[in-house]
Each structure stands twice: as C-alpha cells, then as structure tokens.
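# A structural walkthrough
Given next are the chains, with one letter for each unit.
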Amino acid sequence: MKLPAGKSLVMMKQTLLTLLFSLAVTGTVMAGESVIVTSKMIHLRSAGEREWSTFPESGQQKELSVPFEAEANPSEATLLLRQDDVKQGWSVELNGTVLGKLVPDANDQQLLLAVPPNTVKTGKNQLRIFQSGKLDPDDIRVGEIVYFPGSKQQVLAEAQLSIEVVDGQSGKPLPCRVTIVNIDKTLVATTAQSNERQAVRTGVMYLSEGKTQFRLPAGTYIIAAGRGFEYGVDFRTVELKVGDEKKVQLKINREVDTKGYVSCDTHIHTLTHSGHGDCSMEERMLTLAGEQIEFPIATDHNKQIDYEPLSRKLNVRQYFTPVIGNEVTTKWGHFNVFPVQAEGPIPDYKLPDWDGVFDSIYETPNVKVAILNHARDIHSKYRPFDPRNHLSLTGENLDGWRLRANAMEIINSGATQTDFMQLYCDWFGALNRGLFLTPVGCSDSHDVSRYIVGQARTYIQADDKDPAKIDVSQTIQNFVDGKVLLSYGLFTQIKVNGKYGPGELVPASEDLEVSLTVSGPWWVSADQISLYANGELVRREKIDSKDQGGVKWEGTWKLKPLPNDCHLVAIATGLGVSGLYWPLAKPYQPDAPEYKSHVVGSTGAVWIDADADGKKTTAHAYAERLVTQHPDDLEALLKSLADYDQAVSLQAASLLRARGVSPFDPELTKLLQDAARPVQIGFGLYAEAWRSSQIARATN
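In this text the structure is predicted, and so the values were computed from the model without any measurement.

## Topic: the sheet that holds strand E5 (residues 90-94)
Taking strand neighbours across the sheet as the criterion, the four strands line up as E3-E8-E5-E6 in an open arrangement whose pairing is antiparallel. Looking at which strands have only one partner, the edges of the open sheet turn out to be strand E3 (64-70) and strand E6 (97-101). The mean angle between the axes of side-by-side strands here comes to 25 degrees, regardless of whether they run parallel or antiparallel. Looking at chain direction, E3 and strand E8 (residues 123-131) are connected through seven bridges and run antiparallel. Residue Leu64 lies in a different strand from E8, and its bridge partner there is Ile129.

## Structural notes on a nonpolar patch on the surface
Together, Leu393, Ile681 and Leu685 make up a nonpolar patch on the protein surface, roughly 200 Å² of accessible area in all. Positionally, Ile681 belongs in helix H13 (residues 677-699).

## With respect to the sheet that holds strand E21 (residues 326-330)
Within the open sheet, the five strands sit side by side as E21-E22-E23-E26-E27. Their pairing is mixed. The two strands at the open ends of the sheet, each matched to only one other strand, are E21 and strand E27 (438-442). Strand-to-strand, the axes of this sheet are offset by a mean angle of 35 degrees, without reference to chain direction. In this structure, strand E26 (residues 407-412) lies alongside E27, joined through five bridges in parallel fashion. In the sheet register, Ile411 faces E27, and the bridge partner there is Gly441. Strands E26 and E27 of the sheet are contacted by helix H7 (residues 422-433), whose axis makes an angle of about 165 degrees with E26.

## Quick look at the pattern of salt bridges
Counted under the stated rule, the structure contains 26 salt bridges. Residues Lys87 and Glu51 are paired through a salt bridge, measuring 3.9 Å at the closest nitrogen-oxygen approach. Placement of the pair is Lys87 in the loop between strand E4 (77-84) and E5 and Glu51 in the loop between strand E2 (34-44) and E3, with a sequence separation of 36 residues. Exposure remark for Glu51: the relative accessible area of 9% places this residue in the buried category.

## What about the packing of H7 against helix H11 (residues 646-658)?
Between two packed helices, what matters for the description is the angle formed by their axes and the separation of those axes. Two numbers describe how H7 lies on H11: the axes approach to 10 Å, and their chain directions differ by 75 degrees. When the interaxial angle is binned, H7 and H11 end up roughly perpendicular. Counting all contacts with H7, which are made through Gly429, Asn432 and Arg433, the residues of H11 involved are Ala647, Gln651 and Ser654. For the contact of H7 with H11, the residue count by class is one nonpolar, four polar and one charged.

## As for H13
Taking 1.5 Å of rise per residue, the 23 residues of H13 would be expected to cover 33 Å, and the 33 Å separating its terminal C-alpha atoms lies within 8% of that figure. Those residues of H13 that fall on the buried side of the exposure criterion are Val679, Gly682, Phe683, Tyr686, Ala687, Ala689, Trp690, Ser693 and Ala696. Turning to H13, the residues buried within the fold contact strand E24 (390-391), strand E25 (396-397), helix H10 (634-641), H11 and helix H12 (666-672).

## Topic: the pairing of strand E10 (residues 159-167)
Within E10, eight of the nine residues are buried, which leaves the element mostly enclosed by the surrounding structure. With six bridges joining them, E10 and strand E14 (residues 211-216) adopt antiparallel strand pairing. Paired with Gln160 across the bridge in E14 is Arg215. In terms of strand pairing, E10 meets strand E17 (residues 245-252) through eight bridges, oriented parallel. What sits directly across from Val165, in E17, is Leu250.

## Here we look at the state of the cysteines
Using the criterion set out here, one finds zero disulfides in the structure. The cysteine Cys176 is free of any disulfide, with Cys279 supplying the nearest cysteine sulfur at 16 Å.

## So, unusual backbone geometry
For the bond running from Phe338 to Pro339, omega is -10 degrees, close enough to zero to count as cis. Tracing the chain through its elements places Pro339 in the loop between strand E22 (333-338) and helix H6 (354-363). Unlike most non-glycine residues, Asp85 shows phi in positive territory, near 65 degrees.

## Section: the packing of aromatic side chains
Applying the stated rule across the entire model yields 23 aromatic pairs. Both rings, one in Tyr424 and one in Phe428, keep their centres 6.5 Å apart while their planes meet at 45 degrees; by these two values the pair is tilted. Placement of both Tyr424 and Phe428 in helix H7 is noted, with a separation of four residues, approximately one turn of the helix. In this structure Tyr424 comes out as buried when scored by relative accessible area, which is 0%. On the basis of relative accessibility, which here comes to 3%, the residue Phe428 falls in the buried class. When the ring of Phe428 is compared with that of Tyr532, the centres are 5.4 Å apart and the planes differ by 35 degrees; the resulting orientation is tilted. Of this pair, Phe428 sits in helix H7 while Tyr532 sits in strand E33 (residues 528-533), placing them 104 residues apart in sequence. Using a relative accessible area of 9% as the deciding quantity, one classes Tyr532 as buried.

The rules behind the values
- Residues numbered from 1 in each chain as written.
- Predicted model: local features only at pLDDT ≥ 70, side-chain atom pairs only at ≥ 80, totals over all residues.
- Heavy atoms only, no water.
- Pairing = 2+ DSSP bridges.
- Helix = DSSP H or I, 4+ residues; strand = E, 2+ residues; numbered from the N terminus.
- Axes fitted to C-alpha atoms, helices over the stretch in contact; angles between N-to-C directions.
- Patch = residues over 30% accessible without salt bridge, like charges linked within 9 Å, V, L, I, M, F, W, Y side chains within 5 Å.
- Areas by Shrake-Rupley, 256 points an atom, 1.4 Å probe, with all protein chains shown as cover.
- Salt bridge = Lys/Arg side-chain N within 4 Å of Asp/Glu carboxyl O.
- Contact = heavy atoms within 4.5 Å.
- Buried < 20%, exposed > 50% of the residue type's maximum accessible area, 1.4 Å probe, protein only.
- Parallel < 35°, antiparallel > 145°, perpendicular 65-115°, else oblique.
- Nonpolar A, V, L, I, M, F, W, Y, C, P; charged D, E, K, R; others polar.
- Expected span 1.5 Å × (residues − 1).
- Disulfide = S-S within 2.5 Å.
- Phe/Tyr/Trp six-rings, centres within 6.5 Å; stacked < 30°, edge-to-face > 60°.

Structure follows, in structure tokens:
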C-alpha cells in the first residue's frame, strides 16, 4: 500500500481506503514511494491469560507477520508504527533483520525504527513483530505501520514548531512538561532530542527553561503543557502544513495551595546509577524541575548519589533542595534510607535477615529515615507483606522478624496496587500494632515519561518560601514525626478541633470537630472522602467536585467521643487521569485483569488522646494490658473488650493466638456468642485472616 508524496503521517488514515483500492486494482508499487504495511491495530498476546479485561479473552494473534511489496533500499529507510500497552519485550524484524524493540511503555505512541541499507528487497518483504525473551503475559496493540524510503530526519522534516511555556501571572518561562499528540491522541515522534535544557521521549518533553523547537510531519496536533500536580494544564491545537514554521505559547497557573508544605519524592532512580529504566542523571534534574518536586531524595540501588553538582550545572538547583539517599536493595525487601553521605559507608544489603539489615542501616552515618518500599510487590521471590508471613489486620510478622522501619510506602505510582486501599489497610494494622510508620507517597520512577517522577508524592510540613533553601534537618524531622500529607492527584488536609494536624496528639475532649479540605487542579476531580479511626471507617461522604482548580470540597464533621486512643486518617478519591499529559500507570504486579484507576489524596495520622494520659496508646498496648489482666479468664477478657474499639479486639485475638489459644478454640467460639458486637466482629475477622494465612503457607 503506497502513501502518496505530500501526504503527512497524521493524514494516513484518510488515504488508506483509497490506497487499498488502488493497490487491489494495480497490484504494483512504484519505486521510491512509501508503503502502508498495515492500516489496522492488531491485538497480540504470545502466551498466558489476558492481562487486562479491556482486551478480549481470546482471538488475539501470537505475533504479527505481514508481507508487503517495496523497492530495495540502497540507503537507510524508516519504519513507522503505532504501539499501545506494551510491557514486556517485543522485537520488530524485517526480512530476518531485527530493527529494534517496541518501547516498554503502556502509553499509546508512535515508534520510528531505522531500516539499514539493503534490508528491503525489490518485490515481496516480510515484517514480523513477536514477543522475545521470557514469555510473560502481555496484551498489546500494534499496527498502522508505514515503510518510508527516507531516513528518520527526512520523514520528520515537513514542518517546524516552536513552543514557549510561561507562568500565566508573571509571563515568565517555567520548567514544565509538554506533550504532543495527534488527532488519535497518540504520542507522536519529532526531531526533538535530549540536551542540557530538555529531556525528550516520544511526544513528551521536559523543558527546564520553558522553550523548545523541533520539526515534525505536517498534520493536526494537540499540545499540552503542565507542571505537575499543583498547576493547571494548557492546551493548544495546531495545524501544520508542509513548510510551515509556527510558534505557540502556552500559559499555566499555580492552582493548588500547598502553603506550609514542601513536595517530596522519596523514591527516585536514574539509568546512570541504577542501570535500568531510561532516565539519565541529566534528564532526571530536568524532570524534577518540570514536575515541581521541591525536596527530591536520590535513591539509586545500593548507591549514594549527590544531585547537587549537576543540578547547579544545569541551572535547576533554584527549583529544589536535593537530599542524598539510598535504596537498600536486599533479598528480603527494599528500604529507602536518608540522609546519607555521598562518599560514606553503604548499608550492607547482602545480610540474610531484617535484624542484620536494619542494624546496618542505622549504623550508617546520618541516617534518620528507613522506609519499607512497595511491601506488596515481589522482588527476588520475596514479598514483605505476603499473607504467608504477614497478617495485615494486626500488623504482625508471622516469622518473628522485626520491622524497624519508621516509614512505609502507601502510594507508589510506579508500582500501584490493583486495590489501592490494600497498603492503607496494611499501614492501619501496623499502626495498631505499635509500629509508628510515616505514610509515604512516591513515584519509584526510573524513566523520563513511562512512570512520572513525583506523580505520587509526600507533602512534608516545612517552610516552603524558597525551594532552593529548604531546611533539610527540620524537614526530615517533621517527616519522621509524621507531619505529612500524601498526594496522587489530590491534596487532602485535616485539622482536629481547629488546631491539630498529622503527626500531632489531640488532647482529650468530649467533642471532636474534624475539618477537612480536598484540593486539586482543574483537570482532576474528587468524588468521595472517607475518615478512618484505627483503620475502621467512621464516616464517608460523596463529593460534588468543583470544575475549577483549587478547593474541590471542604466540610467539618463532629464525631462522638471515642472509646480509646486512636489515629484518624482522611482519604479522598476520584476518577484516575488517563490523558497523556499526566497518565496514571496500571498496576505493576496486578492481582486481577479488572482495574479502575483512582486519584488519591490522604492525610497522615492525627492521634486522639481519648484516655487523657498524654501519650499515643496503640490498640496493641490496650489489648496487651487487658490480656495480662485476665490471663486465664476468657469470659472476663471478652467483657472488658466491649469498652474498646474493634482494633483492640483484633490485637487481643492475635495475642491469644500467640499464647496458644486458637482463633477456633471451642471455648472461645462459645463465649463469643454472648460478646459485644464489635468484639465478635474483631475476633471473626482475625480468625478468617489467620485461616487464609495458614492456607497460603501450606500451599506455597
């Protein structure tokens, strides 16, 4: 199928039917003309069950193999294709020569591959796209393939576009993220390349100075500019003809008020030092400025890297205060630690258990923070919070290992969970157990665009007047103290009795007044806010989200007196962002083919001192006290638990099990029939969790 001279790539679909008819009639291909190899997008899956429910269960092809006729290419030629939802390795082969691989990126995008001289034969040729390497399940769409006799630069040379992105108030250029899609909302190829002022991938550019210029085929494009979660997004539609040289200015405004908090990403990688992903050190500096991360923590695997020199060299240090960290990557879990010294000792990541690993972490000079990373993901065949060795409801390790971290990832936008609430539930259980873990939002980004740096982030209470001069020591201490908010597209704030926020202890009072605010840019919506006490839902309300940027919803709830000390956490949610200007990624290790994306904004834990002893008393501490008071009297123990919340009953069930009283003990089961309803529910939930854990241990 020939693509006539003068037709742009974006206009390809409009010419397909004509070309198909022409080829069917003539059956010939003229020398030097472009060829449509296939006009369709084709579903491929090489092995296994479908990955996502958006794909058919069956009917896919294992590979794409398609013939086409063309003239031999004495010089370099080009193959253009469109790919979507690619995760694993897929090779593109022409006449037995591998041209390259599809980009492992779920986003809908174009791919240009160079065809070496003399690869194409005059007459019949065979193109093949197939999964290579380990055949893990991977549903993809690929197609709309065109062969061009010219080089990449020739294919992309039809028009020139200059872009400037400025602050809507001051008119000054801003660091930003720019995306360019065609009328099919596919990220498009351009001549733009990464340099000291821009980090470039297909259809995506991070600009440190808000300016760029490049060439691309004639056609109609939609350009978007943004600067992470706190800013609006501006759009322009541009029609380019062959020979055009156009300039476009986009204006973005700060829309989310985060005064008193600095934006932090605690989990950041580079290809330069971690050895995987695609983001170089230079590109990372530009992406941090473009997503407005004010307090980035460098956490390459078992390395301690300083962003300071390079950020100054690239003139972006004014936008953030960097901190040196390390992802201590062991066989028994990954732990982000900071601050550390660039040339200082590195924690021993080869130790065989948590006690040794944490001893080594805390012996490392300057370390204040140790974060348990992606606790539900498997690495090196180990999952820290696998049901075989961890009970989420009560935060207990069944192997007797001590978790000595002081923070835990709750939202990792590079490794999202099928059920985003799962890690919240794990965190609630850990808090109730007595593990005072600061909740963390982070990106785990290794890439320029596949996983967006700072998409999930932690807001730490701190002086944010000048992002280049953040007080590192005080900000880290506030992080350790739990004075944080988590953002994955929303910003949720909480004040109890008009004064107390995350990380603080609210003095005892008869009435509790909880004031909540949910904010976000105009391009995000919120639909629900929930309040949890010791992990139990106490109130939920639907949100009629406002369309403009800023405050989406605010309200004040009055709570009845609480029976015991507890932690309050508010979580707001909304429909996930799918637009390629800031797309949310699908789960890294999905549990099911069905998935619904959410934006989330949550608070850290506010502690309520219901018993007026001036301390944060955990559910486990209450349960331990009661079990000690009634060591041999189950009936008395169950009656005493009626004065406490469900979390205390859960911890009591755990303590009894550790003392040899099975959750299914006949005497316990009989006495529970007359127990208070919350006590019955707590023991029942624990029994079911224990049963599931034992089944998991027996079958693996």
